[in-house]
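Each chain, letter by letter, is given below.
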Amino acid sequence: MSGVQTRTITHDDAEMRIDRWLRKEFPHLTQGRIEKMCRKGELRVDGGRVKPNARLEYGQKVRIPPLSEADSQPAPVTLRKINKSDTKMIQDCVLWKDEHIIALNKPPGLPSQGGSGQGERHVDGLAEALKFGYKEKPKLVHRLDKDTSGLLLLARTPRVARALSEALRHRNVRKIYWAAVAGQPSPKAGSIKYGLLKAPGRGQRGEGEKMQCIHPRDVATTEGAKRSHTDYAIQDTAGTRMTWVALVPITGRTHQLRAHMAEIGHPIVGDGKYGGSSSENAGDGWGAGVGGEISRKLHLHARTLIIEHPITKEMITLQAPLPEHMQRTWDYVGWNVDHAPLDPFNMDDDRS
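Residues numbered from 1 in each chain as written. Predicted model: local features only at pLDDT ≥ 70, side-chain atom pairs only at ≥ 80, totals over all residues. Heavy atoms only, no water.

Under an unreviewed UniProt entry, the name given to the chain is Pseudouridine synthase, and the organism recorded is Marivivens donghaensis. Recorded in UniProt for the chain, the comment headed Sequence similarities (unreviewed entry) runs: "Belongs to the pseudouridine synthase RluA family." Here is the UniProt Function (unreviewed entry) comment for the chain, exactly as written: "Responsible for synthesis of pseudouridine from uracil." (UniProt positions renumbered as here; feature names shortened; annotations may be inferred.)

Engineer: Please set out the overall build of the chain residue by residue, giving values where relevant.
Structural biologist: When you go through the chain residue by residue, the secondary structure sums to seven helices and 16 strands. Among the 352 residues that make up the chain, the fraction classed as buried is 48%. With an accessible surface of roughly 17,900 Å², the chain has 47% of that area assigned to carbon and sulfur atoms. (Helix = DSSP H or I, 4+ residues; strand = E, 2+ residues; numbered from the N terminus. Buried < 20%, exposed > 50% of the residue type's maximum accessible area, 1.4 Å probe, protein only. Areas by Shrake-Rupley, 256 points an atom, 1.4 Å probe, with all protein chains shown as cover.)

Engineer: Explain the environment of Ile82 to me, and be specific about the residues and the numbers.
Structural biologist: Within the secondary structure, Ile82 sits in the loop between β4 (61–64) and α3 (84–92). In this structure Ile82 touches Thr87, Gly125, Leu126, Glu128 and Ala129, once residues within four positions along its chain are discounted. (Contact = heavy atoms within 4.5 Å.)

Engineer: Describe the packing of aromatic side chains, listing the residues and the values that go with them.
Structural biologist: Enumeration over the complete set of coordinates arrives at four aromatic pairs. One aromatic cluster is present, formed by Trp178, Trp244, Trp330 and Trp335 through successive ring pairs. Lying over the aromatic face of Phe132, Lys97 brings its terminal NZ or CZ to 4.8 Å of the ring centre. (Phe/Tyr/Trp six-rings, centres within 6.5 Å; stacked < 30°, edge-to-face > 60°. Lys NZ or Arg CZ within 6 Å of the ring centre and 35° of its normal.)

Engineer: Would you mind going over helix α2 (residues 31–39) in detail, with residue names and values included?
Structural biologist: Where α2 is concerned, the buried positions are Ile34, Met37 and Cys38. All buried residues of α2 project into a common sector of 100 degrees when viewed along the axis, lining one side. Next to the buried residues of α2 lie α1 (18–25) and β3 (48–49). Once α2 finishes, Gly41 follows within two positions and takes phi at roughly 75 degrees, a positive value. (Arc of directions from axis to C-beta.)

Engineer: Residue-level account of the nonpolar core, with values.
Structural biologist: The nonpolar side chains of soluble globular proteins are, as a tendency, buried together. Judged by nonpolar contacts, the single largest core of 29 residues is most densely connected at Leu104, Leu154, Leu247 and Leu300. Among the elements of the structure, β6 (101–106), α4 (123–126), β8 (149–155), β9 (173–182), β13 (230–238), β14 (242–249), α6 (256–263) and β15 (300–308) are those that each provide at least two residues to this core. Tallying contributions element by element places β9 first for this core, with three residues. Once residues within four sequence positions are removed from consideration, Leu300 is found in contact with Asp147, Thr148, Ser149, Tyr177, Trp178, Ala179, Leu247, Leu257, Arg258, Ile268 and Met326. (Core = buried A, V, L, I, M, F, W, Y, C linked by side-chain atoms within 4.5 Å.)

Engineer: Can you break down the sheet that holds β4 residue by residue, with the values?
Structural biologist: Taken together, the four strands give an open sheet; going across it, the order is β1-β4-β2-β3, and neighbouring strands pair in antiparallel fashion. Where the open sheet ends on each side, the last strands, each with one partner, are β1 (5–8) and β3. Sheet topology note: the strand β2 (residues 44–45)/β4 ladder contains two bridges and is antiparallel. Opposite Arg44, over in β4, you have Arg63 as the bridge partner. Contacting β1, β2 and β4, α1 runs over the sheet at an angle of about 65 degrees to β4. (Pairing = 2+ DSSP bridges. Axes fitted to C-alpha atoms, helices over the stretch in contact; angles between N-to-C directions.)

Engineer: Describe the pairing of β8, listing the residues and the values that go with them.
Structural biologist: Within β8, seven of the seven residues are buried, leaving the element largely enclosed by the surrounding structure. The pairing of strand β7 (residues 139–140) with β8 spans two bridges and is antiparallel. From the neighbouring strand, Lys139 faces β8, where its bridge partner is Ala155.

Laid out in structure tokens, this is it:
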């Protein structure tokens, strides 16, 4: 029987569900045992009780009660050999690198990290091909949804990983997303401040991963709800059918941009989870599937990232080209990426 353990959540494990994290650390631990530990209050995060589906955050301390010798066996270390095609693919994603940081343009459909139903092919696993002479693989310091494309940062040393994670936690990073949304939001620029709460239910189609919006006045009195804030600005329109918007997540909640745009009646094109069909969308938009020649893939892309380099202290501005399916949509409706300002929320910014 092991004694009480206290583990600190690392950058790699941030945002994981606590039950999945425990099964990763202790593969012999059953889901039933984990749920029992939660019910009895034996498993605690920063001193508080938690539910099995609670999301972990970087730096949190997890108290693990005594485990039997069988349950406490560590996860076996396995090194997956990366084939030549995956090596080329992930190396081709590199937009910029120096001796401290690697910036990728993550393609849609590739998970940032492994997890339930994600398999073994993900950025974190493929990072072995991004060592470029270093002994250790670079570490993810933030994540993108599987179907969201765009800028993703990896730190090449633990020191830089800590610095970048702190910058992201304290919102000292400017992240601008591009999306095509159904309908035309009004006004042309605004803020969305609905709180977010994990929707109840589980299932193979991901019901347990969906977020629901809570009116700002009810966030404080709704258990589990977190305050959330998104700014948006229209860049161009295709009549009233579809709109190109820039989005800035002031907070960084799970599915924040997708849930917020759907809540105001303008779901992101291709977002079946939050948009559905036109008949299912009760807002002013037209649902996530606008039809015609528009791809059914999610039209959400992490376009721009502005950050102070943690070592040189220089300001770095990175931009990721649109993925193929979004560029086809832009071309189809006549939107020109060259006409968009670097930061549409900065009125002094010139168009690039």
